[in-house]
Amino acid sequence: MEIGLGAYLGLAMVLFGIGASGFLMRRNALIQLMSIEVMLNAVNIVFVAVNRFHPADHVGQIFSFFVIAIAAAEAAVGLALVIALFRIKKTVESDNADTLRH
Amino acid sequence: MNDWLFVAPLLILGLGSILMMLVDAFAKEKSELAILSSITMGVAGMISASALLSGAEAADAPEMVTRFLAVDPAALFFDVVICFGGALSALLAGGYLREHGLERGEFYVLLTLTTLGAVVLGRSTDMLSLFVGLETMSLGVYAMVAFRRGSSTAIEGAVKYFLLGSFAAAILLFGSALMYAATGSTSFTGIAAAMGDADPKLVLIGLLLIIAGFGFKVSAVPFHMWTPDAYEGAITPATAFMSVAVKSAAFAVFVRILFVTFGDELSMSLASGWPPVLAGLAALTMVYGNIAAVGQENVKRMLAYSSIAHAGYILVGIVAAFRVGSEAVSAVLFYLLAYTFSNILAFGSLILLGSRGREAVSFNDLRGVGRRHPMAALPFILGTLSLMGFPPTAGFLAKYYVFSAAVQAGGSMILLAILGMLTSAIGAFYYLRVTVFMFMRDPEPGQVKAIPMKSGYVVGALAISSLFVLGLGVMPGDVLEAASRAASLLLG
């Protein structure tokens with residue numbers, strides 16, 4: 001049985017939805033960071049899968065490499081910020097970051 | 001024209017920041033770096049400005065460049081806005097960091113690399129260069145917000161900005177992935193060319209996700225939650241940079257993607273396209289930004305809400321362009337330039353009014369400072385007059401062009417223009433309130449009086465910005481012409 005593009009897009013949308021709802025519902029900054037990674041991987045699935053159905057060039061596959069590299073850079077900055085937050089607040093729950101309020 | 005010239009500003013910014021890392025390793029006096037980074041960005045902006053004003057034709061740019069980066073006059077115009085915003089912020093940082101004992105060289109390197117990312121973002125013609133530019137810019141800005149790493153407000157603002165910014169980038173990226181799925185291309189023109197036989201459902205979802213992603217980046221309501229916290233937590237020169245260069249770059253690529261990629265009839269229609277969505281965002285942004293700014297006790301937070309409000313005015317110009325075309329886009333370009341200089345004036349003056357240990361951030365800090373030090377308060381008044389849209393400043397003409405483009409577009413756009421003018425009147429209230437505090441309120445008994453710092457860098461940046469705010473307001477001719485040429489070539 002041939003698996004069509006629709007199946008891949010469906011999988012990516014489900015994964016993206018899981019990531020987005022994880023980001024919105026959890027309050028732990030580390031979990032939120034992981035949720036963003038899940039969302040980016042949903043994007044990678046779309047790019048690589050679509051590339052198979054548009055094989056004229058390899059833009060999709062190249063794009064997914066860029067996404068992986070940039071996700072790593074983003075994680076580096078993000079973890080640094082979470083560590084800085086933990087040093088000051090002794091917690092990584094983003095609800096406790098509430099000095100700035102109105 | 002030599003091929004290298006097309007990417008000269010980018011090369012200068014990239015090589016300049018590498019050079020700065022070397023200088024930082026060996027130099028003892030860190031404020032030399034302020035001059036160096038300011039010159040790097042100034043020169044990069046100057047090159048684009050001279051290419052823009054001389055009207056050089058870029059038709060023979062090699063495909064290797066134009067595949068990912070635009071070289072048209074609009075790209076050059078945004079280069080100028082972004083680079084000048086960066087250069088002036090570097091000067092502000094030169095005074096601020098030394099005064100407050102935060103002198104660490106990496107700030108200037110981050111600033112220059114972030115500007116490089118912003119220029120790439122503003123020039124991008126492909127989803128790939130858009131994403132790389134966006135992340136280069138954003139990651140640098142997150143670090144700049146967290147620069148004062150022992151301060152809980154700075155880290156808190158940075159974490160919130162980082163989480164929401166990365167979330168927005170992922171949404172934007174998923175939108176472009178869906179556009180790729182629908183059309184099989186990632187370049188703006190390639191997507192537009194294949195739009196005809198694309199699945200309209202995928203295109204619509206992709207478009208909405210892309211608009212939501214950009215909504216975060218330009219801080220349009222309801223995607224603005226991070227803005228006040230990040231603006232308040234960041235050190236003031238970084239706030240100034242975020243409010244001018246980062247916002248201009250996001251608007252630059254937003255305009256390009258809307259009119260190049262989504263410029264077809266279906267995407268521009270009132271029934272199923274982006275104009276009604278953006279019009280709604282613009283109305284919400286103007287109303288909420290202005291009303292929320294009224295109740296603020298912190299001047300930086302007030303300016304954050306004011307920058308949200310200005311994003312609303314700019315969105316009005318973008319929406320108007322779907323009917324009026326290049327005239328409205330040129331108004332948006334002019335607005336971004338005027339807004340850059342006005343905002344630098346407001347933040348720069350706020351920096352000038354503080355000194356070590358007594359940074360002026362709240363309205364109460366500013367009590368009576370205008371009477372004691374009128375020269376230091378003057379730039380703030382000029383900047384806020386321009387943000388208010390008071391003649392003969394650049395801000396007046398910018399608002400005038402944007403709203404008259406909206407009126408010209410007719411229909412419900414006139415309502416948006418009226419809403420814009422009404423909310424600008426609210427704006428006058430909170431901008432003038434600062435002036436009232438500076439000149440008509442005495443300090444509370446026992447309050448530490450604000451004393452202006454002495455810094456040639458800050459004064460220089462303020463002088464340049466004042467010159468441009470008044471110059472653009474009195475003689476906008478050449479700049480306006482360049483903007484309208486850029487806009488008409490962008491819309492093709």
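Let me begin by describing the structure that accompanies this report. (Residues numbered from 1 in each chain as written. Chains lettered and ligands numbered in written order. Predicted model: local features only at pLDDT ≥ 70, side-chain atom pairs only at ≥ 80, totals over all residues. Heavy atoms only, no water.)

Considerations on the overall build of chain A
Okay, step 1: Helix and strand counts for chain A stand at 3 helices and 0 strands.
Okay, step 2: Traced from its N-terminal end to its C-terminal end, chain A shows the element sequence α-α-α.
Okay, step 3: Sequence separation of at least 24 residues holds for 55% of the intrachain contacts in chain A that already meet a minimum separation of 6.
Okay, step 4: Here chain A displays about 5600 Å² of accessible surface, and carbon together with sulfur accounts for 67% of that area.
Okay, step 5: One way to put it: in chain A the 7 positive side-chain charges average out to a point 11 Å from where the 7 negative ones average out. (Helix = DSSP H or I, 4+ residues; strand = E, 2+ residues; numbered from the N terminus. Contact = heavy atoms within 4.5 Å. Areas by Shrake-Rupley, 256 points an atom, 1.4 Å probe, with all protein chains shown as cover. Lys, Arg positive; Asp, Glu negative; His and termini not counted. Charge placed at Lys NZ, Arg CZ, Asp CG, Glu CD.)

Observations regarding the packing of aromatic side chains
Okay, step 1: In total, this model carries 24 aromatic pairs over all chains according to the counting rule given.
Okay, step 2: Judged by centre distance (6.0 Å) and plane angle (90 degrees), the ring pair of Phe107 of chain B and Tyr108 of chain B falls under edge-to-face. Pair check on accessibility: Phe107 of chain B and Tyr108 of chain B agree, each one buried.
Okay, step 3: Taken together through their ring pairs, the aromatic side chains of Tyr142, Tyr161, Phe162, Trp226 and Tyr231 of chain B make up a single cluster.
Okay, step 4: Geometry around Phe86 of chain A places Lys90 of chain A over its ring, the cationic atom sitting 6.0 Å from the centre.
Okay, step 5: Residue placement shows Arg433 of chain B over the ring face of Phe363 of chain B; its charged tip is 4.4 Å from the ring centre. (Phe/Tyr/Trp six-rings, centres within 6.5 Å; stacked < 30°, edge-to-face > 60°. Buried < 20%, exposed > 50% of the residue type's maximum accessible area, 1.4 Å probe, protein only. Lys NZ or Arg CZ within 6 Å of the ring centre and 35° of its normal.)

Things to note about the environment of Lys454 of chain B
Okay, step 1: Looking at where Lys454 of chain B falls in the secondary structure, it is placed in the loop between α20 (412-440) and α21 (456-474).
Okay, step 2: The sequence separation of Lys454 of chain B and Phe131 of chain B amounts to 323 residues, and the corresponding C-alpha distance is 41 Å.

Quick notes on the nonpolar core
Residue and element names in this part refer to chain B.
Okay, step 1: By size, the foremost hydrophobic cluster in this structure holds 229 residues, and its most contacted members are Phe107, Ile257, Trp274, Leu278 and Ile318.
Okay, step 2: The element contributing the most residues to this core is helix α8 (residues 152-183), with 21 residues.
Okay, step 3: Not counting residues within four places of it along the chain, the set of residues in contact with Trp274 comprises Leu207, Ile211, Leu258, Phe259, Phe262, Ser267, Met268, Ile318 and Phe322. (Core = buried A, V, L, I, M, F, W, Y, C linked by side-chain atoms within 4.5 Å.)

Here we look at the interface of chain A and chain B
Okay, step 1: Between chain A and chain B, the contact holds 41 residues from the first and 42 residues from the second.
Okay, step 2: Of the roughly 3700 Å² buried between chain A and chain B, counting both surfaces, carbon and sulfur atoms make up 82%.
Okay, step 3: The tally of links between chain A and chain B comes to 1 salt bridge.
Okay, step 4: Between Glu156 of chain B and Lys89 of chain A there is a salt bridge, and its shortest N-O distance comes to 3.6 Å.
Okay, step 5: Where chain A packs against chain B, one counts 1 residue pair in polar contact (both at pLDDT 80 or more).
Okay, step 6: Sorting the residues of the side of chain A that touches chain B by element identifies α1 (5-25), α2 (29-53) and α3 (59-89) of chain A as the ones contributing at least two each.
Okay, step 7: The greatest single-element share of the side of chain A that touches chain B, amounting to 15 residues, is contributed by α3 of chain A.
Okay, step 8: Among the residues forming the side of chain A that touches chain B, the class breakdown is 30 nonpolar, 7 polar and 4 charged. (Buried area = accessible area lost by both parts, 1.4 Å probe. Salt bridge = Lys/Arg side-chain N within 4 Å of Asp/Glu carboxyl O. Polar contact = N/O pair within 3.5 Å; in protein donor to acceptor, adjacent residues only side chain to side chain. Nonpolar A, V, L, I, M, F, W, Y, C, P; charged D, E, K, R; others polar.)

Some points on the pattern of salt bridges
Okay, step 1: Tallied over the full model, the rule gives 13 salt bridges over all chains.
Okay, step 2: Note that Lys160 of chain B and Glu156 of chain B form a salt bridge whose closest N and O atoms lie 3.5 Å from each other. With Lys160 of chain B and Glu156 of chain B both in helix α8 and 4 residues apart, this pair spans about one turn of that helix.
Okay, step 3: Each of the salt bridges in this network shares a partner with another, and the network as a whole consists of Lys89 of chain A together with Glu156, Lys160, Asp229, Glu232 and Arg301 of chain B.

Points about the side chain of Lys160 of chain B
Okay, step 1: Lys160 of chain B sits in the buried class, given a relative accessible area of 18%.
Okay, step 2: Within the structure, the side chain of Lys160 of chain B is placed 2.9 Å from the side chain of Asp229 of chain B, a separation counted as a polar contact.

What about the packing of helix α16 (residues 326-352) of chain B against helix α22 (residues 477-491) of chain B?
All names here are of chain B.
Okay, step 1: Across the interface, α16 lies against α22 with an axial gap of 8 Å and an inter-helix angle of 130 degrees. Between α16 and α22, the angle falls in the class oblique. Note on packing geometry: the crossing formed by α16 with α22 is right-handed. Here Ser326, Val329, Ser330, Leu333, Phe334 and Leu337 of α16 come into contact with α22, specifically with Val479, Leu480, Ala483, Ser484, Ala486, Ala487, Ser488, Leu490 and Leu491. (Axes fitted to C-alpha atoms, helices over the stretch in contact; angles between N-to-C directions. Parallel < 35°, antiparallel > 145°, perpendicular 65-115°, else oblique. Left-handed = near helix turned anticlockwise from the far one by under 90°.)

Quick word on a nonpolar patch on the surface
Residues and elements named next belong to chain B.
Okay, step 1: Among the surface-exposed residues, Val407, Ile414, Leu415, Ile418, Met421 and Leu422 lie close enough to one another that they form a single nonpolar patch of about 550 Å² accessible area.
Okay, step 2: With 5 residues, α20 is the single largest residue contributor to the nonpolar patch.
Okay, step 3: Of note, Met421 is situated in helix α20. (Patch = residues over 30% accessible without salt bridge, like charges linked within 9 Å, V, L, I, M, F, W, Y side chains within 5 Å.)

With respect to the environment of Glu32 of chain B
Residues and elements named next belong to chain B.
Okay, step 1: Tracing the sequence through the fold places Glu32 in helix α3 (residues 31-54).
Okay, step 2: Classification of Glu32 as partly exposed rests on a relative accessible area of 46%.
Okay, step 3: The spacing of Glu32 and Met20 is 12 residues in sequence and 9.8 Å in space, taken between C-alpha atoms.

Focus on the side chain of Asp126 of chain B
All names here are of chain B.
Okay, step 1: Within the secondary structure, Asp126 sits in the loop between α6 (106-123) and α7 (127-145).
Okay, step 2: Here the side chain of Asp126 touches Thr186 through a polar contact of 3.2 Å, side chain to side chain.
Okay, step 3: Once residues lying within four places of it in the same chain are set aside, the contact partners of Asp126 are Arg67, Phe68, Thr186, Ser187 and Phe188.

Section: the packing of helix α10 (residues 200-217) of chain B against helix α12 (residues 236-261) of chain B
Residue and element names in this part refer to chain B.
Okay, step 1: The N-to-C vectors of α10 and α12 enclose an angle of 160 degrees; their axes lie 10 Å apart at closest approach. Here α10 is positioned roughly antiparallel relative to α12, judged by the angle of their axes. Regarding α10 and α12, the two cross each other, and that crossing is left-handed. Facing α10, whose interface residues are Ile210, Ile211, Phe214 and Lys217, α12 presents Ala250, Val253, Phe254 and Ile257.
Okay, step 2: Tallied by class, the residues present in the contact of α10 with α12 amount to 7 nonpolar, no polar and 1 charged.

Describing unusual backbone geometry
Okay, step 1: Cis peptide bonds are those with omega within 30 degrees of zero, and the linkage from Val221 of chain B to Pro222 of chain B qualifies with 5 degrees.
Okay, step 2: Residues Pro391 of chain B and Pro392 of chain B are joined by a peptide bond in cis, for which omega reads 5 degrees.
Okay, step 3: Within the secondary structure layout, Pro392 of chain B lies in the loop between α18 (374-388) and α19 (394-409).
Okay, step 4: Phi angles above zero are rare outside glycine, and Lys90 of chain A is one such case at about 60 degrees.
Okay, step 5: Note on placement: Lys90 of chain A falls in the segment after α3.
Okay, step 6: Residue class for Lys90 of chain A comes out exposed when judged on its relative accessible area of 60%.
Okay, step 7: Unusually for a residue other than glycine, Ser219 of chain B sits at a positive phi of about 50 degrees.
Okay, step 8: Looking at where Ser219 of chain B falls in the secondary structure, it is placed in the loop between α10 and α11 (226-233).
Okay, step 9: Residue Ser219 of chain B is classed as buried on the basis of its relative accessible area of 1%.

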